[in-house]
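The residues making up each chain are set out below.
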Amino acid sequence: MRLGILTGAGLLAAAVVLTGCDSPPDTAKITDSKAEAAARLKQSKAAKIALARKVKANELGQIPVLMFHRIIKNPATTDDRTPQQFRSDLERLVKEDYVPISASEMVTGKINVPAGKHPVVLTFDDSSPSQLTLNEMGVPQPDTAVAILREVAAKHPGFRPAATFYVTRDMFGKTVREEQAQTLGWLKDNGFDIGNHTRDHVNLHGRSEKEVEDQIGGIAKQIDDLTKVKPNSIALPYGNQPRKKEWALHGKLYNHAGAFLAGYTPAPSPFSKAFDPGGIPRIRVMEKKGDCAQFCSAAWLDWLKNNPDMRYTSDGDVSTVAYPKFKNPYLRKSFTTWSLPY
Ligand SMILES: [Zn+2]
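Residues numbered from 1 in each chain as written. Predicted model: local features only at pLDDT ≥ 70, side-chain atom pairs only at ≥ 80, totals over all residues. Heavy atoms only, no water.

A.B. asks: What exactly am I supposed to notice about the overall build of the chain here?
C.D. replies: Looking only at helices and strands, one finds 10 helices and 12 strands in the chain. Overall, the chain is about 85 × 45 × 45 Å in size when its C-alpha atoms are taken along their principal axes. For the chain, the residues scored as buried account for 46% of the 342 residues in total. The contacts in the chain between residues at least 6 apart in sequence include a share of 67% that link residues at least 24 apart. Carbon and sulfur atoms form 56% of the exposed surface of the chain, whose accessible area is close to 17300 Å². Distance from the positive charge centre (46 side chains) to the negative charge centre (37 side chains) of the chain: 5 Å. (Helix = DSSP H or I, 4+ residues; strand = E, 2+ residues; numbered from the N terminus. Buried < 20%, exposed > 50% of the residue type's maximum accessible area, 1.4 Å probe, protein only. Contact = heavy atoms within 4.5 Å. Areas by Shrake-Rupley, 256 points an atom, 1.4 Å probe, with all protein chains shown as cover. Lys, Arg positive; Asp, Glu negative; His and termini not counted. Charge placed at Lys NZ, Arg CZ, Asp CG, Glu CD.)

Structure (structure tokens):
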């Protein structure tokens, strides 16, 4: 808006110079358009606030970041989900007004979901073939995570098929360089987010800085060589941070805006002071039983549903951070310009 006014005034000044000084510059007109622009701005801000209030927007609220591993018919560990379970996991998210965003979008604050909806981040660790295997025509095989996610999204317009795949040297079971390039290239071409999960899936806790750099930088370089993608987030194997958590964020061959853990709560909004880019919690996907009675997805989604004031709810405008004024002290300073308290 401000740019528009300057351009207009600049053009007017140029026109005066070109036509000589016979007619004085029309300052009244400039003042008018400035006042009009200010009025328009105020009006649009009032409309934005009214909408934010109507949908109870809370962009300082919490976001569930769900952690998946393999999607297989016969689960071997409690980390695995069957295709049928994964379908119903997604159907529940649809029903409860969640819209998937990628980890990359979350850590950079580009949360573009419609007014009144809630972002959810779907993450897949370990680059297993059960997440993505392509046939010879480049089509995902039925019952892989990607195929199921795309089916559910096609059935429910507005439910974006967005997800982040945390890759190790396992590379979706592909050992031939060309096949690795096909698989990663498919993810990139179809709008999926590729993240770093270290080269050899090592526990970074207790490793030297050089070893940490080598593990994270090694797979970063391989991903970049294969498909010209530089991941901007990492999922720490076993959820363990290195001795200095910054080592996971920045190295010679990588620059991450966020490092994700393996448990056990919803994550703070990236606009909130509670957000720590070096340790963003995730939630294991599991029914309410055993040690998942409280701290896995079924329990947390129940909790977020029953505590809507704690949950991130969008105002539908990616360029603002809308929230009830009461929460003002929790706004991260760097987002002040975009803040829309109501
Ligand atoms: Zn892992």
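A.B. asks: Looking at this structure, how should I read the packing of aromatic side chains?
C.D. replies: Any pair of aromatic rings gets described here by the distance separating the centres and the angle formed by the planes. One pass over the full model with this rule turns up 12 aromatic pairs. With centroids separated by 5.3 Å and ring planes inclined at 90°, the aromatic side chains of Trp-300 and Trp-303 adopt a geometry described as edge-to-face. With Trp-300 and Trp-303 both in helix 10 (residues 297–306) and 3 residues apart, the pair spans about one turn of that helix. Using a relative accessible area of 29% as the deciding quantity, one classes Trp-303 as partly exposed. An aromatic cluster is present here, built from Phe-68, Phe-86, Phe-124, Phe-165, Phe-172, Trp-186 and Phe-192 joined pairwise through their rings. (Phe/Tyr/Trp six-rings, centres within 6.5 Å; stacked < 30°, edge-to-face > 60°.)

A.B. asks: Which parts of the structure should I look at to understand the coordination of the zinc ion?
C.D. replies: A four-donor tetrahedral metal ideally has 109.5 degree angles, and a six-donor octahedral metal ideally has angles of 90 or 180 degrees. Protein coordination of the zinc ion is provided by Asp-126 (OD), His-197 (NE2) and His-201 (NE2), with donor distances spanning 2.0 to 2.1 Å. Sequence positions of the residues that donate to the zinc ion give the spacing D-x70-H-x3-H. Highlighted residues: Asp-126 in the loop between strand 3 (118–125) and helix 5 (145–155) and His-197 in the loop between strand 5 (193–196) and helix 7 (209–227), separated in sequence by 71 residues. (Donors = N, O, S within 2.8 Å, 3.2 Å for Na, K, Ca; no water.)

A.B. asks: Can you help me understand the nonpolar core in this one?
C.D. replies: General note: in soluble globular proteins, nonpolar side chains tend to be found buried as a group. In terms of nonpolar packing, the biggest core is built from 39 residues, with Leu-90, Leu-93, Leu-122, Leu-184 and Leu-187 touching the most fellow members. Looking at this core, the elements that each hand over two or more residues are strand 1 (65–68), helix 3 (83–95), strand 3, helix 5, strand 4 (164–167), helix 6 (177–189), helix 7 and helix 10. Examining the composition of this core, we find that 6 residues originate from one element, helix 5, more than from any other. Apart from residues no more than four positions distant in its own chain, Leu-187 is found in contact with Leu-132, Phe-165, Phe-172, Phe-192 and Ile-194. The next biggest cluster of nonpolar side chains, apart from the first, holds 23 residues, and it includes Leu-60, Ile-111, Val-121 and Phe-335. (Core = buried A, V, L, I, M, F, W, Y, C linked by side-chain atoms within 4.5 Å.)

A.B. asks: It is not clear to me how empty space enclosed by the protein should be interpreted in this structure. Could you clarify?
C.D. replies: Here the idea is plain: a probe the size of a water molecule rolls over the atoms and shows the empty space left. A complete count under the given rule lists 1 cavity of 30 Å³ or more for this structure. If you add up the space inside the largest cavity, you get close to 30 Å³. Met-67, Phe-68, His-69, Thr-78, Asp-79, Arg-81, Arg-284 and Val-285 are the residues that line the largest cavity. Taken together, the residues of the lining of the largest cavity break down into 3 nonpolar, 2 polar and 3 charged. (1 Å grid on protein atoms, 1.4 Å probe; cavity = no way out; pocket = protein on both sides within 12 Å on 5 of 7 lines; lining within 4 Å. Points joined across faces, edges and corners; volume = space filled by probe spheres on them. Nonpolar A, V, L, I, M, F, W, Y, C, P; charged D, E, K, R; others polar.)

A.B. asks: How do you make sense of unusual backbone geometry when you look at a structure like this?
C.D. replies: As a rule of thumb, non-glycine residues mostly have phi less than zero, and peptide bonds are mostly trans rather than cis. In this structure, the amide linkage connecting Gly-263 to the following residue, Tyr-264, adopts the cis form with an omega of -25°. Among the structural elements, Tyr-264 can be located in the loop between strand 9 (258–260) and strand 10 (283–284). Phi is positive for Ser-127, which is not a glycine, with a value near 40°. Tracing the backbone shows Ser-127 in the loop between strand 3 and helix 5. A positive phi angle is found at His-201, which is not glycine, with a value near 55°.

A.B. asks: How should the pattern of salt bridges be read in this particular structure?
C.D. replies: Scanning all chains against the criterion turns up 23 salt bridges. A salt bridge links Asp-143 to Arg-87; its shortest N-O distance comes to 3.0 Å. Taken together, the positions of Asp-143 in the loop between strand 3 and helix 5 and Arg-87 in helix 3 put the pair 56 residues apart, joining distant regions of the chain. A residue is classified by how much of its surface remains accessible, and Asp-143, at 24% relative accessible area, is partly exposed. Of the residues examined, Arg-87 reaches a relative accessible area of 28% and is grouped as partly exposed. The closest approach of N and O atoms between Arg-199 and Asp-214, which form a salt bridge, is 3.5 Å. Of this pair, Arg-199 sits in the loop between strand 5 and helix 7 while Asp-214 sits in helix 7, placing them 15 residues apart in sequence. The partly exposed category is assigned to Arg-199, whose relative accessible area is 24%. With a relative accessible area of 37%, Asp-214 lands in the partly exposed category. (Salt bridge = Lys/Arg side-chain N within 4 Å of Asp/Glu carboxyl O.)

A.B. asks: Please clarify how the layout of surface pockets should be interpreted in this entry.
C.D. replies: Here the largest pocket defines a volume of roughly 290 Å³. Among the residues forming the lining of the largest pocket, the class breakdown is 6 nonpolar, 5 polar and 1 charged. Space inside the second largest pocket adds up to approximately 210 Å³. Every residue lining the second largest pocket is listed: Leu-41, Ser-44, Lys-45, Lys-48, Ser-319, Thr-320, Thr-337, Trp-338, Ser-339 and Leu-340. Considering every element that reaches the lining of the second largest pocket, the biggest residue donor is helix 2 (residues 27–54), with 4 residues.

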